[in-house]
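In case you want the letters, here they are:
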Amino acid sequence: RFYCTQVSGGSFASTEHAAPPKKPPRPGAPSHLGSLASLDPVDSYNEGVKPWRVREHCECLQPQEISPPPTANLDRSNDKVYENVTGLVKAVIEMSSKIQPAPPEEYVPMVKDVGLALRTLLATVDET
């Protein structure tokens, strides 16, 4: 894996690391490191982890501002499908905000409202 990091002067360098650092053994657990058991815990903590390598010339990604593409300027005043899609979305949003604190006996009416909004949308799509 390669990681980009900012170095002195504001430039970026890529570093490669083969594996994350190893966890130290649990206290009291049998050591599988054998001869490494006598090492200082800090030394044995990263035993076997490859060192970082720095690449001086890399093409690191710079943050870019994201903006949505422009949308078409459509007249939706008589668009029944659009109105019903909006109604369905509103019903789902309302249900999702009210269902968690509601008791189970109130679930059915909320689900019915979403189902009716969906049924109305599908009927409108069939008519067009």
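Residues numbered from 1 in each chain as written. Predicted model: local features only at pLDDT ≥ 70, side-chain atom pairs only at ≥ 80, totals over all residues. Heavy atoms only, no water.

- An unreviewed UniProt entry lists the protein chain under the name Focal AT domain-containing protein, from Hucho hucho.

**Observations concerning the side chain of N84**
- Within the secondary structure layout, N84 lies in helix α2 (residues 80–98).
- Look at N84 and you get buried, because its relative accessible area is 16%.
- Of note is the side chain of N84, whose polar atom sits 2.8 Å from the backbone oxygen of K80.
- Setting aside residues up to four positions removed in sequence, N84 forms contacts with T120, L121 and T124. (Helix = DSSP H or I, 4+ residues; strand = E, 2+ residues; numbered from the N terminus. Buried < 20%, exposed > 50% of the residue type's maximum accessible area, 1.4 Å probe, protein only. Polar contact = N/O pair within 3.5 Å; in protein donor to acceptor, adjacent residues only side chain to side chain. Contact = heavy atoms within 4.5 Å.)

**Quick word on the nonpolar core**
- One finds L88, A91, V114, A117 and L121 forming the largest nonpolar core, which totals five residues.
- Elements supplying a minimum of two residues to this core: α2 and α3 (107–127).
- Of all the elements, α3 adds the most residues to this core, at three residues.
- Setting aside chain neighbours within four positions, we find L88 in contact with V114, A117, L118 and L121. (Core = buried A, V, L, I, M, F, W, Y, C linked by side-chain atoms within 4.5 Å.)

**Quick notes on the pattern of salt bridges**
- Counted according to the given criterion, the structure contains three salt bridges.
- Measuring nitrogen to oxygen at the nearest pair gives 2.9 Å for the salt bridge that ties R76 to D79.
- Classification of D79 by relative accessible area gives partly exposed; the value is 23%. (Salt bridge = Lys/Arg side-chain N within 4 Å of Asp/Glu carboxyl O.)

**Focus on the packing of α2 against α3**
- At a minimum axis distance of 9 Å, the contact between α2 and α3 shows a crossing angle of 165°. The angle between α2 and α3 places the two elements in the roughly antiparallel class. The crossing of α2 and α3 is left-handed. Contacts between α2 and α3 pair K80, V81, N84, V85, G87, L88, A91, V92, M95 and K98 from the former with M110, V111, D113, V114, A117, L118, T120, L121, T124 and V125 from the latter.
- In terms of residue class, the contact of α2 with α3 is made up of 13 nonpolar, four polar and three charged. (Axes fitted to C-alpha atoms, helices over the stretch in contact; angles between N-to-C directions. Parallel < 35°, antiparallel > 145°, perpendicular 65-115°, else oblique. Left-handed = near helix turned anticlockwise from the far one by under 90°. Nonpolar A, V, L, I, M, F, W, Y, C, P; charged D, E, K, R; others polar.)

**Quick look at the environment of A123**
- By secondary structure assignment, the location of A123 is in helix α3.
- Overall, A123 belongs to the partly exposed group, its relative accessible area being 35%.
- Here the alpha-carbon distance between A123 and N84, two residues 39 residues apart in the chain, equals 9.7 Å.

**A few points about α2**
- With 19 residues, α2 should cover 27 Å at 1.5 Å per step; its first-to-last C-alpha distance of 27 Å lies within 8% of that length.
- Among the residues of α2, those classed as buried are N84, L88 and A91. For α2, the arc enclosing every buried residue in end-on projection is 60°, short of the 170-degree limit, so these residues lie on one face. The exposed set on the far side of α2, more than 90 degrees from its buried face, consists of K90, I93 and S97.
- Where α2 is buried, its residues contact α3.
- N-cap assignment for α2: the residue whose side-chain oxygen lies 3.2 Å from the backbone N of V81 is D79. (Expected span 1.5 Å × (residues − 1). Arc of directions from axis to C-beta.)

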